[in-house]
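Listed below, chain by chain, are the residues.
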Amino acid sequence: SVLSINMSDDSFLKRIYTDTEFNYSSVKMNQLNYSDIDKQNLILLNELDEVTNALATALKSFITDGGYVIVIPSEDISIASYNNFLLQSGMGFIAQIPAEKKITTINYSHPLYSNVFDKRVDNFQYPKVNSYYTFQSENTSKILQFEDGKSFLTTGKNLYVFASALNSKNSNFKNSPLIVPTLYNIAKRSLQIPNLYYTIGQENNFDVNVTLQQDEILSLEKADINLIPQQQYFNNKVSITSNETPNSAGIYAIKNKTETIQNISYNYSRLESNLIYQDISSLNNIIKNDTITQLFDTIKSDSKINELWKWFIIFALVLLLIEMLL
């Protein structure tokens, strides 16, 4: 569930957060119902000029309860109001710099870009901004950086902050291929939907979209097996971590008391089935063939050599017969 609080056009967000995967909703700042915040997994501040005290308080509580927030500042923000919210994560703004700057560095090792790139690209068409904000601290995790090493997108404690507005007047980042995996993967991380299956013996993490009452816990059940995994409860989800248990493969029901919420599958590791080929480079007196055709030619040639003994036997019998006749 994604909620965008807007003071700018959000059409690019609607194209990323489609109905097939997300419950996307948007609202103007002056029409925001604060009770809707706790129902979301991701809140996006889309170029607000000011973060009010009420909104800052609600967002701080939202992050503490496991929610994710993306901040896209406008070109004319109240820095003090933003810092009232951002400084808890060490990402407050200092000042706006009205200068063009290119975005040239991608943190390929960040989990946000896991399995996104086939290889590292150094000569891509760099997006740029016409103005940006500097951060009070550059010690947070940098995801994207400007050409001088300063942060364009930085993160800490479920909070992702852009250094500039993304509207077409100020930046062409919305036309860059980076925007889709960046915003898409932030949203996907806000609620880790279970995979098709998990492997026994490894640490597995996933979220269950459920609201629990006080003292309620989730359990994993299969036939006569009943387990209580390590879990952490947030406002509208439960994060489950499984390690040594379960130790039996199968489909487990995730239950709240007697109610089945969903199923989760565990399989044994398939690593023992991986084929490990012998290294023949260190072996002596071997013949190596690089193609199937060459292999069959070699076998055929060797077979002909081995078949000569039959002809010697035949000739010996013929000569014996001739000698007897003589």
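As the structure is a prediction and not an experimental result, all values here were calculated from the model.

Trainee: An account of the pairing of strand β14 (residues 218-222) is needed here, citing residue identities and associated values.
Mentor: Extensive coverage of β14 is indicated by the burial of five of its five residues. As defined by bridge partners, β14 adjoins strand β18 (residues 250-256) across four bridges and the pair is classed as antiparallel. What sits directly across from L218, in β18, is N256. Summarising the sheet, β14 and strand β15 (residues 225-227) pair through three bridges and their orientation is antiparallel. What sits directly across from L220, in β15, is L227. Adjacent in sequence and paired antiparallel, β14 and β15 are bridged by two residues, among which A223 carries a positive phi angle near 55°.

Trainee: Account for helix α6 (residues 308-325), naming residues and giving values.
Mentor: Spanning 18 residues, α6 covers 26 Å between terminal C-alpha atoms, matching the ideal 26 Å at 1.5 Å per step. Taken across its 18 residues, α6 has zero buried, putting it largely on the surface.

Trainee: Please set out the packing of aromatic side chains residue by residue, giving values where relevant.
Mentor: The description of an aromatic ring pair rests on the distance of the ring centres and on the angle between the ring planes. According to the stated counting rule, one finds 18 aromatic pairs in the structure shown. Arranged with centres 5.7 Å apart and planes meeting at 85°, the rings of F22 and Y184 form a pair that is edge-to-face. A residue pair is termed long-range when its members are at least 10 positions apart, and F22 in the loop between α1 (11-16) and β2 (24-28) and Y184 in helix α4 (residues 179-190) qualify at 162 residues. Taken together, the aromatic side chains of Y132, F146, F152, F162 and F173 make up a single cluster linked through ring pairs.

Trainee: Could you give an account of the sheet that holds β18, with specific residues and numbers?
Mentor: Judged by pairing direction, the sheet is mixed, and its five strands sit side by side in the order β12-β19-β18-β14-β15 without closing on themselves. In this open sheet, the two edge strands, each paired with only one partner strand, are β12 (198-199) and β15.

So, how was this worked out
Residues numbered from 1 in each chain as written. Predicted model: local features only at pLDDT ≥ 70, side-chain atom pairs only at ≥ 80, totals over all residues. Heavy atoms only, no water. Buried < 20%, exposed > 50% of the residue type's maximum accessible area, 1.4 Å probe, protein only. Helix = DSSP H or I, 4+ residues; strand = E, 2+ residues; numbered from the N terminus. Pairing = 2+ DSSP bridges. Expected span 1.5 Å × (residues − 1). Phe/Tyr/Trp six-rings, centres within 6.5 Å; stacked < 30°, edge-to-face > 60°.

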